[in-house]
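If you want the building blocks of each chain, they are given just below.
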Amino acid sequence: DSEFSKRSQAVLPSATLAVSKKAKELKAAGEAVINLGMGEPDFETPEPIAEAAIKAIRSGKTSFYTPVGGTLGLRTGITQLTKELTGQSLNVNQVTVATGAKMALYALNQILINPGDLVVSAKPYWVSYAEQVHLAEGEFQAIGDAQTGKLTVEALEELDRVPKLIILNNPTNPSGILYSREELLALLEWTEKHAVFLIVDEIYGRLVYNGATFTSVLSLKALTNSKVIVVDGVSKSYSMTGWRIGWALADETIIRQLNKVLGHMTSGPTAAAQAAAEAAVTGDQGVVEAIRLTFQERLNWTYDQLEAIDGLTLAAKPEGAFYFFIKIDQPVLDRLGLNSSAAFAEKLLEVEKVALPAGEGFGMPGYLRLSYAQDQASIDEAIARIKRFIQE
Ligand code: PLP
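Looking at an unreviewed UniProt entry, one finds the protein chain named Aminotransferase and attributed to Fructobacillus fructosus. Its UniProt record gives the protein chain the following Cofactor (unreviewed entry) comment, quoted word for word: "pyridoxal 5'-phosphate". You can read under Sequence similarities (unreviewed entry) in the UniProt record for the protein chain the words "Belongs to the class-I pyridoxal-phosphate-dependent aminotransferase family."

Trainee: In this structure, what is going on with the site of the ligand? I would like to understand it.
Mentor: With respect to spatial proximity, 13 residues lie near the ligand, and among them Gly100, Ala101, Lys102, Ser235 and Gly246 are the closest. Residue composition of the shell around the ligand, grouped by class: 3 nonpolar, 8 polar and 2 charged.

Trainee: Would you mind going over the domain arrangement of the protein chain with me for this structure?
Mentor: Accessible area lost on assembly of the parts is the figure often given for the size of an interface. Each assigned domain of the protein chain is listed here: domain 1 (6-44 + 287-391) and domain 2 (47-283). Relative placement of domain 1 and domain 2: their C-alpha centres are 25 Å apart. Contact residues are listed per partner, giving 31 residues for domain 1 and 30 residues for domain 2. Those elements that provide at least two residues to the side of domain 1 that touches domain 2 are helix H1 (6-10), helix H11 (286-307) and strand E10 (323-328). Of all the elements, H11 adds the most residues to the side of domain 1 that touches domain 2, at 7 residues. Here the residues of the side of domain 1 that touches domain 2 are counted per class, giving 17 nonpolar, 8 polar and 6 charged.

Trainee: Can you help me understand unusual backbone geometry in this one?
Mentor: Omega for the peptide link from Lys123 to Pro124 comes to 0°, which places this bond in the cis form. Among the secondary structure elements, Pro124 is positioned in the loop between strand E3 (118-122) and helix H6 (127-135). With an omega dihedral of 15°, the bond running from Asn173 to Pro174 counts as a cis peptide bond. Inspection of the secondary structure puts Pro174 in the loop between strand E5 (165-169) and helix H8 (181-193).

About the criteria used
- Residues numbered from 1 in each chain as written.
- Predicted model: local features only at pLDDT ≥ 70, side-chain atom pairs only at ≥ 80, totals over all residues.
- UniProt positions renumbered as here; feature names shortened; annotations may be inferred.
- Near = placed C-beta within 6 Å.
- Nonpolar A, V, L, I, M, F, W, Y, C, P; charged D, E, K, R; others polar.
- Domains from an automatic or database assignment.
- Contact = placed C-beta atoms within 7 Å.
- Helix = DSSP H or I, 4+ residues; strand = E, 2+ residues; numbered from the N terminus.

The structure is reproduced here in structure tokens:
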């Protein structure tokens, strides 16, 4: 019996970690590894944003703890941006800033979930949703239309019991799918009827392509007196993953509870990083559009290449985020003598030095996730290697 807590033991090691660790080892040994496993935009953080952090450091704005839920300047900036993008007016007490959307989600699980509570998400899902629920001793269940990767009211109706919380990702990691306005309205109606908390993680909301429309739940539902919580952050839209700033938007009572818990976890996010995030949300939003356009170009170019590979299947063309979730056809696995997508990913790395996380970690074995948050030349080379691996 381990002396470690049951909670920590219940957490699965990240399925992507093994591949990622091996990729790093190979790279350190001088191998030309291409890692398309990353969820990080490959651009530098835009200069004016970085400059705001440098200014904060130089002007001594770093020698004190900021308020637990974030500086007033950043929270004000977030409410202004939210108003601009979605039309919803929030007050600053409806915002809590955390060290990344990941921490906001973690703290939300901590304040909402009792041991045994059911938390539901769509399949495939972002790895951390499941493990954060396990850390709160809740029961995680991924449901939905396996064909589209979406959570539907029909699937919710089939559950044995009403969940305490639903976590919705829009657009989705790993499959890049968008929920329509009608689908969101139906889910909102269902969660309201059953008094279920609904977290909508909109971290990829501004990275949608080829004319697709992203509908923020904020444009459909007032957060005051509601159980709807929106999670977002600067990581993906502004290429700021390393700054670790994300936030939750909700009714004030939820935010107060969150801040109470976060007060024992972080004493507020890093001051200079908040200054940078404030510059991001209040500054020229053209930087987001530049990032979006680059991703769009890569999506279109890469999709055509992947489509042309015999042995791989793409469900639908992704409309958002920056990943492809690719099915490995069974005959390919059979021919290679591999019994799972995890084994495929391991072998691909060993033989062709391409690192991709396998579907197992996203609740959907048989798949690979390819991130196009990499320069096009690396993606092209990786695809050539994948093709060779499959076809030889
Ligand atoms: N939500 C989803 C769906 C993500 O893919 C990620 C990052 O990969 C996050 C949240 C976390 O983002 P942050 O960098 O703000 O913690």
